[in-house]
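Residue-level structure breakdown
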Amino acid sequence: MSAGWGLRTRLVHGGQRRSPLGETCEALWLTSGFTYAQAEDAEGRFADRLPGFMYSRVGNPTVRTFEERMMLLEGAEEAAATATGMAAVNAALMCQLRAGARVVAARCLFGSCHYILTEILPRFGVEVVLVDGRDLDAWRRALSRRTDAVFLETPGNPTLELVDIAGVAELAHAAGARVIVDNVFATPILQRPLPLGADIVVYSATKHIDGQGRCLGGVVLCDAAFKRDLLQPYLKHTGPALSPFNAWTLTKGLETLDLRVREHVRSAEAIARFLEQHPRVEGVLYPGLDSHPQRALAKRQMSAGGGLVAFRVGGGRERAFAVVNRLKLIAISNNLGDAKSLATHPASTTHSRIPESERQELGITEDLIRLSVGLEDVEDLMADLNQALRG
Ligand SMILES: Cc1ncc(COP(=O)(O)O)c(C=O)c1O
C-alpha cells in the first residue's frame, strides 16, 4: 500500500505498527529486551527462522519504524539506524573494509569524517586517497586503480562545494568501488543519491531529520544484501544502536521534514542574496546562488540550495569572532539543521583539527562563517546579521 503513497504521506505514516490499543501516535517501545512464550521461540528467532525482536541492540520496533520511514523516503531497500551520524559513517566504512583495502574520498569533509579516513583507517592498513571532489579528472586519476569504497559529502561541510554524484559513481563502479554519500547538508528532501548511482547513503539524523535540536541519531541506507551480509553483523556485534526514545523523536521529526526543509531553503535563499549584496561581506557560498561556481551541477542534482550558507567577512579570525559575538538572535553553535539559526566559525571549531595549510587549500579561511538558517522570521535574521556585520 505504501508504495503508491506520495512523499508527505510516507513521511507521516511510513513504518507505523499500531499495537492492539490502536494509538494514533507511533508507540514508543522503550525496552532493552523481549521475552519468549517458550524456549523454542527464542531458538527460532536466534536462528532467523521466526520473526520477532530479541534485544534492542539488534532490533527494536520503534527503531524499525524509523528505519522503514527512512527507507520509504529515500527509496532504499534497507536501512540501519545508529546512535549518531558518526556511528553511521564509521559503520558504513568499517563493515566492508579490511587491511589492504583502498578508499578514495572527497577532501571537503566534516572534521570527524576526515579523522576516520585519515587517522583511523590507515592504522588498520587501509589506503586512503583524498581528492578535490569538484574535479572529475582528479576522481578519474584516483579511480584508475581497483578501489573498494568511495566516500563523499555534497554539499561539503563547511564550504558547500559539490561533487558530481553520477559522474563519480560511474568511475567508482568501473573501479569496483561502492559509493557512500553523506547527504546531511542536502537532506533527503533536496537530493536523492541512490538514483544518481550511489550505493549507500548516510545521515546524521541529529540535523534536519530531528530538526529541533533534541537528540542524536544516524542512519545508513543501502540494499538488502549489503545490510544482511556486512552492515547488520557489524552493528549487532559492535553495538552503536539507536535508543528507542531517540528513534521515536526522529520518527516524529520526519513527519514535518518536508515542510521544514522547504522553509529553511526559502529563508536561506533570501539570506544568501542579502549577504551577497552586503557591503561588509566579501563572498557568499551557497549552491542556490547563480554565483556558486558549480551552479549548473547544483541544478542537476539538487532541487534547491539547502539551508546552509557560508560567507566570508574579511579581516581574519578577529573580525569573524567580532561578527558572531555581536549576533543577538542567531546563536553560536557547531550544530546545524535546527529550527534555531546557528552560526559556526569552522576554522576554530568543527575543522580546527585539520592543519592550517590544508584548511587554506580547502577554503576554510579564518574569516569564514557558516550559518545554519532556522525557521525564525527571515526579516529578524537579516536584521540580526546586518547589525552584527556593521557593528
Ligand atoms: C556532514 C556531517 N556528517 C556527519 C556528521 C556527524 O553527525 P553526528 O553529530 O550525529 O554524529 C555531521 C555533524 O556533526 C555532519 O555535519
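Higher on the page you've got the structure.
Residues numbered from 1 in each chain as written. Predicted model: local features only at pLDDT ≥ 70, side-chain atom pairs only at ≥ 80, totals over all residues. Heavy atoms only, no water.

**Regarding unusual backbone geometry**
- Omega for the bond connecting Thr-154 with Pro-155 falls within 30 degrees of zero, at -5°, which places this linkage in the cis form.
- By the secondary structure assignment, Pro-155 is in the loop between strand E4 (149-153) and helix H7 (165-174).
- Note the cis peptide between Asn-157 and Pro-158, where omega equals 5°.
- Checked against the element boundaries, Pro-158 lands in the loop between E4 and H7.
- For Asp-48, which is not a glycine, the phi torsion comes out positive at approximately 65°.
- A relative accessible area of 69% places Asp-48 in the exposed class. (Helix = DSSP H or I, 4+ residues; strand = E, 2+ residues; numbered from the N terminus. Buried < 20%, exposed > 50% of the residue type's maximum accessible area, 1.4 Å probe, protein only.)

**Brief notes about the environment of Leu-259**
- Tracing the backbone through its elements, the reader meets Leu-259 in helix H11 (residues 257-276).
- Residue classification places Leu-259 among the partly exposed residues on the basis of a relative accessible area of 45%.
- Taking the C-alpha atoms as reference points, Leu-259 and Gln-38, 221 residues apart in sequence, are found 47 Å from one another.

**A closer look at the pairing of strand E9 (residues 308-312)**
- With four of five residues buried, E9 is to be regarded as a mostly interior element.
- As judged from the three bridges shared by strand E8 (residues 283-285) and E9, these two strands associate in the antiparallel manner. The residue bridging Gly-283 from the neighbouring strand is Arg-312, located in E9.
- Two strands pair when backbone bridges link them, and E9 and strand E12 (residues 368-372) are joined in this way by five bridges, in the antiparallel orientation. Bridge pairing in E12 places Leu-308 opposite Ser-372. (Pairing = 2+ DSSP bridges.)

**Considering the site of the ligand**
- Met-86, Asp-182, Ser-204, Thr-206 and Lys-207 are the nearest of the 14 residues found near the ligand.
- Between the ligand and the protein, one listed contact pairs an oxygen atom with a backbone N or O atom of Met-86 at 2.8 Å.
- The side chain of Asn-157 places a nitrogen or oxygen atom 3.3 Å from an oxygen atom of the ligand.
- Surface burial for the ligand is 90%, taken as the share of its 390 Å² of free accessible area covered by protein chains.
- Applying the majority rule of atoms within 2 Å of the grid points places the ligand in the second largest pocket.
- Per-class residue counts for the shell around the ligand are five nonpolar, six polar and three charged. (Near = heavy atom within 4 Å. Polar contact = N/O pair within 3.5 Å; in protein donor to acceptor, adjacent residues only side chain to side chain. Areas by Shrake-Rupley, 256 points an atom, 1.4 Å probe, with all protein chains shown as cover. 1 Å grid on protein atoms, 1.4 Å probe; cavity = no way out; pocket = protein on both sides within 12 Å on 5 of 7 lines; lining within 4 Å. Sits in = over half its atoms within 2 Å of the grid points. Nonpolar A, V, L, I, M, F, W, Y, C, P; charged D, E, K, R; others polar.)

**Some words on the nonpolar core**
- Of all hydrophobic cores here, the largest spans 53 residues; its most connected members are Phe-66, Met-70, Ile-209, Leu-221, Leu-275, Val-284 and Phe-311.
- Counting residues per element, this core draws most heavily on H11, which supplies eight residues.
- Here this core gathers at least three residues from each of two domains, domain 1 (2-255) and domain 2 (257-390).
- Counting residues in hydrophobic clusters, the runner-up holds 28 residues, among them Ala-91, Ala-105, Phe-151 and Leu-235. (Core = buried A, V, L, I, M, F, W, Y, C linked by side-chain atoms within 4.5 Å. Domains from an automatic or database assignment.)

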